Amino acid sequence: MHVLGIESSCDDTAAAVVHNGGQVLSSVISSQDEIHSRFGGVVPELASRNHLMQIHPVVAAALERAGCTLDDIDLVAATQGPGLIGSLLVGFSYAKALAYNRGLPFIGVDHMAGHLLAVFLEQEVRFPYVALIASGGTSSIFLASSHTQFMHLGRTRDDAAGEAFDKVAKLLALPYPGGPHVAQRATGGNGQAIAFPRAWLDDDSLDFSFSGLKTAVLNHCNQQRMQNQQLAIDDICASFQEAVVEVLVEKTARAATLHKVDTIVLGGGVSANPRLRQAFTDRCQRDGRRLHIPHPSFCTDNGAMIALAGYHKFREQGGMSSDVDVYSRSMLG
Ligand code: KG4
């Protein structure tokens, strides 16, 4: 079964053709980083306008690179939510119209389900597993029991991990999106140089809070400036990154222990972070757990993970009618 997957939840217009929920025939992504970079964050109106311009060429390129036409497509899947409503509407409406016009079944997919399953684009993973999804919009821990059953164990209370990376980058005058730039500068710094706080919340909480950490970085920078000290940007990036990584690793490991699960999966843009990948590798080795992390290109937003999630959802519940709508907050688990 060839599935066309369409993703437009935030600032990437993406489409992919995936065969039988695993074999990626093509994956095309049009990034809007350049458009939003001068504002230091995503401007929703600009994002949806750009999706409108990109959606058709991106889908056409995905079909061409897969060596197929719409005649070869068996199912159209699109991100239904969560995300920016204006952005979601472009990809979702395009996908619905395409499916209706071609007489194809259509399925709306939760963006988080895409991240939770992205690892299957490269390898088989045994259920159940605990997954950390850390991106610009969320830091969440899920228990995945099948391709369609997910339990939400912990969530973002304020800034998501990626959002914290982006905001810290902004206050250090690093380019947008900040995550990769902070990670790059951190390689030259000392992660123990500045004792930034770790928000553990309640003893057994699996929720995350990174806004206090972001404020601590801001306060540190202000103090340094007031004392006419030059900012040690590499050390700030490394110490901030260390604080984020420690909390993400510790809480995910805690969730796995609590639910007696011996497999951990990562997903979302922040899981492209080399320090996070290394810290999880070390921790899972120490705890005797299996760890699966997608290739960085499947950690960030892409259409292939939507095609994959759509394939499994469709096999379980069939297609959706065309009167379904998008949603801004995750409905998953
Ligand atoms: O999953 P994703 O592509 O989509 C959204 O949530 O929109 O994640 C994007 C987020 C951004 O906040 C970006 O700064 C962050 O992931 N990110 C990283 C890295 N690469 C991307 N954060 C830390 N280290 C990285 N290497």
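Residues numbered from 1 in each chain as written. Predicted model: local features only at pLDDT ≥ 70, side-chain atom pairs only at ≥ 80, totals over all residues. Heavy atoms only, no water.

1. Quick look at the overall build of the protein chain
Here comes step 1: The secondary structure content of the protein chain amounts to 11 helices and 10 strands.
Here comes step 2: Over its C-alpha atoms the protein chain spans a radius of gyration of 20 Å, differing by no more than 12% from the 20 Å that the globule rule assigns to 333 residues.
Here comes step 3: For the C-alpha atoms alone, the extent of the protein chain along its principal axes is close to 65 × 45 × 30 Å.
Here comes step 4: Relative to its 333 residues, the protein chain shows a buried fraction of 55%.
Here comes step 5: Considering only contacts within the protein chain whose residues lie at least 6 apart along the sequence, 73% involve residues at least 24 apart.
Here comes step 6: Of the roughly 14200 Å² that the protein chain leaves accessible, carbon and sulfur atoms contribute 49%.
Here comes step 7: On the protein chain, the mean spot of the 26 positive side-chain charges and the mean spot of the 33 negative ones are 4 Å from each other. (Helix = DSSP H or I, 4+ residues; strand = E, 2+ residues; numbered from the N terminus. Rg over C-alpha atoms; globule rule 2.2 N^0.38 Å. Buried < 20%, exposed > 50% of the residue type's maximum accessible area, 1.4 Å probe, protein only. Contact = heavy atoms within 4.5 Å. Areas by Shrake-Rupley, 256 points an atom, 1.4 Å probe, with all protein chains shown as cover. Lys, Arg positive; Asp, Glu negative; His and termini not counted. Charge placed at Lys NZ, Arg CZ, Asp CG, Glu CD.)

2. What to know about the environment of G22
Here comes step 1: Assignment of secondary structure puts G22 in the loop between β2 (12-19) and β3 (23-31).
Here comes step 2: Residues G22 and M305, 283 residues apart in the sequence, show an inter-C-alpha distance of 9.1 Å.

3. Quick look at the nonpolar core
Here comes step 1: Membership of the largest hydrophobic core comes to 61 residues, with the highest contact counts inside it found for I6, V59, I73, F106, Y129 and F150.
Here comes step 2: Residues within four places of I73 in sequence aside, it is in contact with H2, L4, V17, L63, C68 and L104.
Here comes step 3: I236, A255, V261 and I264 belong to the second-largest nonpolar core, a separate cluster that totals 46 residues. (Core = buried A, V, L, I, M, F, W, Y, C linked by side-chain atoms within 4.5 Å.)

4. Thoughts on the packing of helix α5 (residues 161-171) against helix α7 (residues 211-226)
The relative placement of two packed helices comes down to the angle between their axes together with the axis-to-axis distance.
Here comes step 1: The geometry of α5 relative to α7 is characterised by a closest axis approach of 10 Å and an angle of 15° between their N-to-C directions. In terms of axis orientation, α5 runs roughly parallel to α7. You can see that α5 and α7 cross each other, and the crossing is right-handed. Mapping the contact onto sequence places K167, V168 and L171 in α5 and K214, V217, L218, C221 and R225 in α7.
Here comes step 2: Class assignment for the residues of the contact of α5 with α7 results in 5 nonpolar, no polar and 3 charged. (Axes fitted to C-alpha atoms, helices over the stretch in contact; angles between N-to-C directions. Parallel < 35°, antiparallel > 145°, perpendicular 65-115°, else oblique. Left-handed = near helix turned anticlockwise from the far one by under 90°. Nonpolar A, V, L, I, M, F, W, Y, C, P; charged D, E, K, R; others polar.)

5. What about the site of the ligand?
Here comes step 1: In the vicinity of the ligand there are 19 residues, among which G136, D166, G179, G269 and N273 approach most closely.
Here comes step 2: For the ligand, an oxygen atom lies 3.3 Å from a polar atom in the side chain of S135.
Here comes step 3: Measuring from an oxygen atom of the ligand, one finds a backbone N or O atom of G137 at 3.4 Å.
Here comes step 4: Contact with the protein chains removes 88% of the 550 Å² of surface that the ligand exposes when unbound.
Here comes step 5: Cavity membership is defined here by more than half of the atoms lying within 2 Å of grid points; on that basis the ligand lies in the largest pocket.
Here comes step 6: Contributions of two or more residues to the shell around the ligand are made by α5 and α6 (178-186).
Here comes step 7: Grouping the amino acids of the shell around the ligand by side-chain chemistry returns 7 nonpolar, 10 polar and 2 charged. (Near = heavy atom within 4 Å. Polar contact = N/O pair within 3.5 Å; in protein donor to acceptor, adjacent residues only side chain to side chain. 1 Å grid on protein atoms, 1.4 Å probe; cavity = no way out; pocket = protein on both sides within 12 Å on 5 of 7 lines; lining within 4 Å. Sits in = over half its atoms within 2 Å of the grid points.)

6. Description of helix α11 (residues 304-317)
Here comes step 1: The end-to-end C-alpha distance of α11, which contains 14 residues, comes to 20 Å, matching closely the 20 Å that a straight helix rising 1.5 Å per residue would cover.
Here comes step 2: Burial analysis of α11 places 10 of its 14 residues in the buried class, which makes it a mostly covered element.
Here comes step 3: Residues of α11 that are buried: A304, M305, I306, A307, L308, A309, G310, Y311, H312 and F314.
Here comes step 4: Looking one or two places after α11, you find G318, whose phi comes out positive at around 75°. (Expected span 1.5 Å × (residues − 1).)

7. Brief notes about the packing of aromatic side chains
Here comes step 1: If you walk through the whole model with that rule in mind, you get 6 aromatic pairs.
Here comes step 2: Aromatic side chains F120 and F127 sit 5.5 Å apart centroid to centroid with 25° between the ring planes, which places their arrangement in the stacked category.
Here comes step 3: With relative accessibility at 25%, the residue F127 sits in the partly exposed group.
Here comes step 4: Seen from their ring centres, F165 and F240 are 5.0 Å apart, and the 80° between their planes marks the pair as edge-to-face. Of this pair, F165 sits in helix α5 while F240 sits in helix α8 (residues 233-258); the two residues are 75 residues apart in sequence, bridging distant segments of the chain. By the burial criterion, F165 is buried, and F240 matches it.
Here comes step 5: Members of the aromatic cluster, connected to one another through ring pairs, are F120, F127 and Y129. (Phe/Tyr/Trp six-rings, centres within 6.5 Å; stacked < 30°, edge-to-face > 60°.)

8. Some points on the sheet that holds strand β9 (residues 263-267)
Here comes step 1: If you walk across this open sheet you meet the 5 strands as β8-β7-β6-β9-β10, and the pairing is mixed. Each of the sheet's edge strands pairs with one partner strand only, and the pair in question is β8 (150-154) and β10 (290-292). Averaged over all adjacent pairs, the angle separating strand axes in this sheet is 25°, with direction ignored.
Here comes step 2: Here strand β6 (residues 129-134) runs beside strand β7 (residues 139-144); their pairing, made up of 6 bridges, is antiparallel. Within the sheet, the bridge partner assigned to V130 lies in β7 and is L143.
Here comes step 3: On the sheet, α8 packs against β6, β7, β8 and β9 and is oriented at approximately 155° with respect to β6. (Pairing = 2+ DSSP bridges.)

This is a description of form; function is not addressed.
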